[in-house]
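Listed here are the chains, written in short residue letters.
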Amino acid sequence: MFVAKVLKTVVADEKHPILKGEKLLLVRRVKESGTFYGKTTIAIDRAQAGVGDKVLVLQEGSSSRLIFGVESEPVHCIIVGIVDHVDMEGR
Amino acid sequence: MYLAKVIGTVVASQKSAALTGIKLLVVQPLDEEKRDMGEPLVAVDTAQAGPMDTVFYVTGREASMALEDAKKLSPVDAAIIGIVDQIGD
């Protein structure tokens with residue numbers, strides 16, 4: 001899982017049936033310093049996140065299918081929580 | 001899932017039997033500002049996408065699951081599963 005910022009919303013009418021009714025958001029990994037890194041990804045929102053929110057993102061197929069309660073659907077990347085804060089005392 | 005734009009089509013008459021009848025498109029991944037992000041790749045089309053369309057695709061095992069007979073697990077590693085109407089406001 002990783003911490004990311006929600007950048008934009010994605011509207012797509014024509015899409016795979018499993019995504020019907022799901023909110024799709026563009027997210028990108030962000031460091032505590034605020035610096036972005038990695039690729040911009042589209043995640044399925046399951047945490048009522050909004051643009052600008054700092055979120056916890058799961059990027060794994062089997063786990064995503066567990067959340068959806070399905071076996072062989074193409075879901076892989078899901079926003080599973082809103083991050084209040086991250087403490088990095090170990091650094 | 002990643003955002004991308006369709007930039008081409010691949011025609012391959014001679015190929016693995018498991019890939020017959022599927023449409024192969026060249027897609028260029030994009031970031032949130034629609035700038036190019038990484039290198040283009042070839043993806044199976046399951047959304048009737050065409051050149052210049054902005055789409056999103058999945059990779060890995062999920063690509064195989066996106067095809068109609070998901071249990072069959074076809075040998076693909078990227079599949080377009082939607083056409084984007086709008087990004088942001």
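Residues numbered from 1 in each chain as written. Chains lettered and ligands numbered in written order. Predicted model: local features only at pLDDT ≥ 70, side-chain atom pairs only at ≥ 80, totals over all residues. Heavy atoms only, no water.

Undergrad: In this structure, what is going on with the environment of Ser-64 of chain B? I would like to understand it.
TA: Mapping Ser-64 of chain B onto the fold places it in helix H1 (residues 61–66). Separated by 46 residues in sequence, Ser-64 of chain B and Ala-18 of chain B have C-alpha atoms that sit 11 Å apart. (Helix = DSSP H or I, 4+ residues; strand = E, 2+ residues; numbered from the N terminus.)

Undergrad: Help me out: how do you make sense of the layout of surface pockets in this one?
TA: Within this model, the largest pocket holds a volume of roughly 420 Å³. Lining the largest pocket are 21 residues, and of these Asp-45, Thr-46, Ala-66, Leu-67 and Glu-68 of chain B lie nearest its centre. Grouping the amino acids of the lining of the largest pocket by side-chain chemistry returns eight nonpolar, six polar and seven charged. Taken as a whole, the second largest pocket spans an internal volume of roughly 180 Å³. What lines the second largest pocket is simply Phe-2, Val-3, Val-30, Lys-31, Glu-32, Tyr-37, Val-86, Met-88 and Arg-91 of chain A. Split by residue class, the lining of the second largest pocket holds six nonpolar, no polar and three charged. (1 Å grid on protein atoms, 1.4 Å probe; cavity = no way out; pocket = protein on both sides within 12 Å on 5 of 7 lines; lining within 4 Å. Points joined across faces, edges and corners; volume = space filled by probe spheres on them. Nonpolar A, V, L, I, M, F, W, Y, C, P; charged D, E, K, R; others polar.)

Undergrad: Just to check I follow, could you spell out the pattern of salt bridges for this structure?
TA: Side chains carrying opposite charge are able to pair once their charged atoms draw close together. Throughout the structure, instances matching the rule amount to eight salt bridges over all chains. Salt-bridge contacts for Lys-8 of chain A lead to Glu-33 of chain B; the nearest nitrogen and oxygen are separated by 3.6 Å. In this pair, Lys-8 of chain A is assigned in strand E1 (residues 2–11) and Glu-33 of chain B in the loop between strand E2 (24–30) and strand E3 (41–45), connecting two distinct chains. Residue Lys-23 of chain A pairs with Asp-45 of chain A through a salt bridge whose shortest N-O separation is 2.9 Å. Here Asp-45 of chain A lies in strand E3 (residues 36–45) and Lys-23 of chain A lies in strand E2 (residues 23–30), a separation of 22 residues in the sequence. What makes Lys-23 of chain A partly exposed here is its relative accessible area of 38%. Its relative accessible area of 8% is what places Asp-45 of chain A among the buried residues. (Salt bridge = Lys/Arg side-chain N within 4 Å of Asp/Glu carboxyl O. Buried < 20%, exposed > 50% of the residue type's maximum accessible area, 1.4 Å probe, protein only.)

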